[in-house]
Amino acid sequence: MTGTLSEAELRTQFAHYQRLAHEIEAHNADTVTYLQALYARSRVEGDVWDELSAHRKAETSGVTGPLIKAAFRRFVGQLQGNRCCYCRRWLLNIAHAKPIEHILPRASYPHFSLYFWNLAVACFDCNQLKHDERWGAFPVVFAHYPKAVQFSEWYHPRFHRYTDHISFERRETNHVSNVTYIGHTPQGKHLCRELLYIVAARENLCRNNPSLAEAITTLQEFQEQHSEDDLPHLAAFRQSLNRSLQHQLDGSAVDSLTLKGTLPEKPIAKAKRRTKTATW
Ligand SMILES: [Zn+2]
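The structure contained in this document is the topic of the report that follows. (Residues numbered from 1 in each chain as written. Predicted model: local features only at pLDDT ≥ 70, side-chain atom pairs only at ≥ 80, totals over all residues.)

1. Notes on the pairing of strand 3 (residues 166-172)
Here comes step 1: In the sheet, strand 3 pairs with strand 4 (residues 177-183) via 7 bridges, with the strands oriented antiparallel. Each residue of the ladder has a partner; that of glutamate 169, found in strand 4, is threonine 180.
Here comes step 2: Counting the residues between successive antiparallel strands, the hairpin from strand 3 to strand 4 contains 4 residues. (Pairing = 2+ DSSP bridges. Helix = DSSP H or I, 4+ residues; strand = E, 2+ residues; numbered from the N terminus.)

2. Considering the nonpolar core
The nonpolar side chains of soluble globular proteins are, as a tendency, buried together.
Here comes step 1: Counting 51 residues, the largest nonpolar core has Cys84, Tyr86, Ala122, Cys126, Leu191, Leu195 and Leu196 as its most contacted members.
Here comes step 2: Of all the elements in the fold, those that place two or more residues in this core are helix 2 (28-45), helix 4 (65-79), strand 2 (119-121), helix 5 (124-130), strand 4 and helix 7 (186-207).
Here comes step 3: For this core, the element with the most residues is helix 7, which contributes 9 residues.
Here comes step 4: Setting aside chain neighbours within four positions, we find tyrosine 86 in contact with Ala122, Cys126, Pro157, Leu191, Leu195 and Leu196. (Core = buried A, V, L, I, M, F, W, Y, C linked by C-beta atoms within 7 Å. Buried ≥ 20, exposed ≤ 12 C-beta atoms within 10 Å, placed from the backbone. Contact = placed C-beta atoms within 7 Å.)

3. Focus on the environment of leucine 20
Here comes step 1: As for its position among the elements, leucine 20 is in the loop between helix 1 (7-18) and helix 2.
Here comes step 2: C-beta crowding within 10 Å serves as the criterion here: with 15 such atoms nearby, leucine 20 is assigned to the partly exposed category.
Here comes step 3: Sequence spacing of leucine 20 and threonine 31 is 11 residues, and the spatial spacing of their C-alpha atoms is 9.7 Å.

Printed below as a string of structure tokens:
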């Protein structure tokens, strides 16, 4: 058991995706051709994500941006067990509640905006929390996407096996609930330190305050049924609420040793060969 997917596993996964790039099998070939052309342009021109999102947006069938993204969510979501790529909470079956996450952020790495292995599916909270955080220090003008073995300091949801790097425990009774995350490797510890301890602290704070939990659930359910673009004030309110929660958490026990993950480091086996990754 290693913490990183092998070259063979990556190739199998990519071949599998090419058969499922569109919900309708008859549109698969055209979808892959479109994505290959757009990806080639992104390597030269930069960020094409908005162009993908807008592609034939008004159409309800054929090769359209929304249908391509829906198929991708379904494919990668299943690989992730229908859980968020970072916090492993269940993904709700609504597009706005499971945004496609750019692991190397678009803002810093526009030429990887459409790179197959740079995309995962996160929950709303993790996507918002990570935002444009870079975490790694890869040169911006990188000819090729970093290899799986180069992600040695932080967790990469498409290259690493979650359970080899992070474990979590969620306990729930009639009245209280509690979640903890523990990192087992340098990558897992980094994810706990930079993201998961905030997720856990927020969840513990909200779940143990019934009126706050109910109010936040109501907000989430309402937001998940509407487009983010249509609700700028609600999105701003949720960001303010998150800042307020963060303020409540600052200086509290959230950075306890348990939440930050302190198990002894378990080395992960290094890949023997450099991984060649397939693209669109
Ligand atoms: Zn999450």
